[in-house]
Amino acid sequence: MSDANTNTGEAFVAYLREKLPLIERALHEANAAPMAEVDAPARDLDRYLYEPLAHFTAGGGKRVRPVLALLGAEAMGGCAEQALSSGVAIELFQSAALIHDDIADASELRRGEPCLYRTHGEGLAINAGDLALTRVFEVVLNDASLPGDRRLRVLDELVRMERHTLEGQALDLGWARDGRWDVTSSDYLYMIEGKTAWYTVASPLRIGALAAGAADEAALELVELGRPAGLAFQLQDDLLNLVGDASAQGKDFRSDITESKRTLAVVWALEHLDDEPHRELVDLLESKTTNPDELARAVELIEQGGGIEACRDLALKLTRDAQGKARALATSGTITPESAELLCSMADFFINRSA
């Protein structure tokens, strides 16, 4: 396995670029239209429902999640096209989650544009997100190239993925609503495993494998690889927000402090700080400050409590765990050697991102 390719994530980035046109074309073809062919106010339906979702979904980023579904299929000896409808479904779930998240978090911008609820109103934005959720299942059900038993297995895993995500979101929102600062590091890791790791890595890999006809046991092996990789992905996001490149992060830099996010770095620090710095950090988090000096002070306190170091160390350990699992699966013949190399590169890409 090439260290030059895996240590920097270059092999996975190349794979993303290779598969991106396939994903983009499939997403475009999956755009929904009014159900009635005659007597429908089609222009209004497009304006109020179908076009807002299509525009939002078209503005996506690297398409990591649907591409991982394709990789899951190829890892089991299948072809990428077998998992294409599954990848589209996962990306549509991503659209729904982000549209609804922006409302819950009262966010201003998404992907450099005003959030959908800011431009169309909360009601229509919620409805567009709900449409995306229905399309998650429609695109799989309508995939005539996928045998019926595989469609059922894919849909079952999609439901599981959504439940995990909703559990994680419930904890994240509930802790914030109730002003909870007694959240532990293990609590936080459970939350992000549900909210991020499953639908970002573990489920896409498993769903792709199922679409390619893999046995349940073999597909579950990809979950055990995807969970630590997905946790590392989120921990890197947390670190970038606090101590990353401010110019690369833009207006979101240190927004986790302003938004009182209970990240691992924060909860670890609160678990290890003495009473006075503990109170100071909580006060800064609850102040919703955007003052650069106060934000810098909050980061200083987080570092003092060991939060930054703990986050980095755990992200690296989780990455190595995922890579060890990928290599073991290749050795056992469960996945192809080429896919193992890409999965190792993926894990390195996750923790070497600068944005």
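Look a little higher up for the structure.
Quick caveat: nothing in here was measured; it's all calculated off a predicted structure.

About the thresholds
- Residues numbered from 1 in each chain as written.
- Predicted model: local features only at pLDDT ≥ 70, side-chain atom pairs only at ≥ 80, totals over all residues.
- Heavy atoms only, no water.
- Helix = DSSP H or I, 4+ residues; strand = E, 2+ residues; numbered from the N terminus.
- Rg over C-alpha atoms; globule rule 2.2 N^0.38 Å.
- Buried < 20%, exposed > 50% of the residue type's maximum accessible area, 1.4 Å probe, protein only.
- Contact = heavy atoms within 4.5 Å.
- Areas by Shrake-Rupley, 256 points an atom, 1.4 Å probe, with all protein chains shown as cover.
- Lys, Arg positive; Asp, Glu negative; His and termini not counted.
- Charge placed at Lys NZ, Arg CZ, Asp CG, Glu CD.
- 1 Å grid on protein atoms, 1.4 Å probe; cavity = no way out; pocket = protein on both sides within 12 Å on 5 of 7 lines; lining within 4 Å.
- Points joined across faces, edges and corners; volume = space filled by probe spheres on them.
- Nonpolar A, V, L, I, M, F, W, Y, C, P; charged D, E, K, R; others polar.
- Axes fitted to C-alpha atoms, helices over the stretch in contact; angles between N-to-C directions.
- Parallel < 35°, antiparallel > 145°, perpendicular 65-115°, else oblique.
- Left-handed = near helix turned anticlockwise from the far one by under 90°.
- Expected span 1.5 Å × (residues − 1).
- Salt bridge = Lys/Arg side-chain N within 4 Å of Asp/Glu carboxyl O.

Turning our eyes to something else, we now look at the overall build of the protein chain. Secondary structure assignment for the protein chain yields 17 helices and 2 strands. Since a compact globule built from 355 residues should have a radius of gyration of about 20 Å, the 21 Å found for the protein chain is in line with a globular shape. Out of the 355 residues belonging to the protein chain, those deemed buried represent 51%. Put simply, of all contacts in the protein chain between residues at least 6 apart along the chain, 74% involve residues at least 24 apart. By element, 51% of the accessible surface of the protein chain is carried by carbon and sulfur atoms, the whole surface being about 16,100 Å². Taking the average location of the 35 positive side-chain charges in the protein chain and that of its 59 negative ones, the two points are 2 Å from each other.

Under the criterion given, the structure shown has 1 cavity of 30 Å³ or more. Volume-wise, the largest cavity comes out at about 90 Å³. For the largest cavity, the full set of lining residues is Leu27, Ala30, Asn31, Ala32, Tyr50, Leu53, Ala54, Thr57, Leu92, Leu131 and Arg135. Broken down by secondary-structure element, the contributors of at least two residues to the lining of the largest cavity are helix 3 (42-58) and helix 7 (122-141). Broken down by element, the residue count for the lining of the largest cavity peaks at 4 residues, all from helix 3. Split by residue class, the lining of the largest cavity holds 8 nonpolar, 2 polar and 1 charged.

Relative orientation of the contacting elements helix 8 (residues 148-177) and helix 9 (residues 185-211) amounts to 165°, with a least axis distance of 8 Å. With respect to helix 9, the element helix 8 is oriented roughly antiparallel. The two elements helix 8 and helix 9 cross, and the hand of that crossing is left-handed. A breakdown of the residues in the contact of helix 8 with helix 9 according to their chemical character gives 13 nonpolar, 6 polar and 8 charged.

In a regular helix each residue adds 1.5 Å, so 17 residues correspond to 24 Å; helix 3 covers only 21 Å between its end C-alpha atoms and thus falls short of that length. Buried positions along helix 3 lie against helix 2 (10-29), helix 5 (84-104), strand 1 (109-110), helix 6 (116-120) and helix 7.

The next point concerns the pattern of salt bridges. Scanning the entire structure with this criterion turns up 23 salt bridges. Of the charged contacts in the structure, one is a salt bridge between Arg110 and Asp102, with a shortest N-O distance of 2.7 Å. Since its relative accessible area comes to 24%, Arg110 is described here as partly exposed. Close ionic contact of Glu280 with Arg297 constitutes a salt bridge, the shortest N to O distance being 2.9 Å.

A few words on unusual backbone geometry. Trans peptide bonds make up most of the peptide bonds, and negative phi angles are found at most residues other than glycine. The phi dihedral of Ala106 is positive, around 55°, even though this residue is not glycine. On the basis of relative accessibility, which here comes to 48%, the residue Ala106 falls in the partly exposed class. Unusually for a residue other than glycine, Arg254 sits at a positive phi of about 60°. In this structure Arg254 comes out as buried when scored by relative accessible area, which is 17%.

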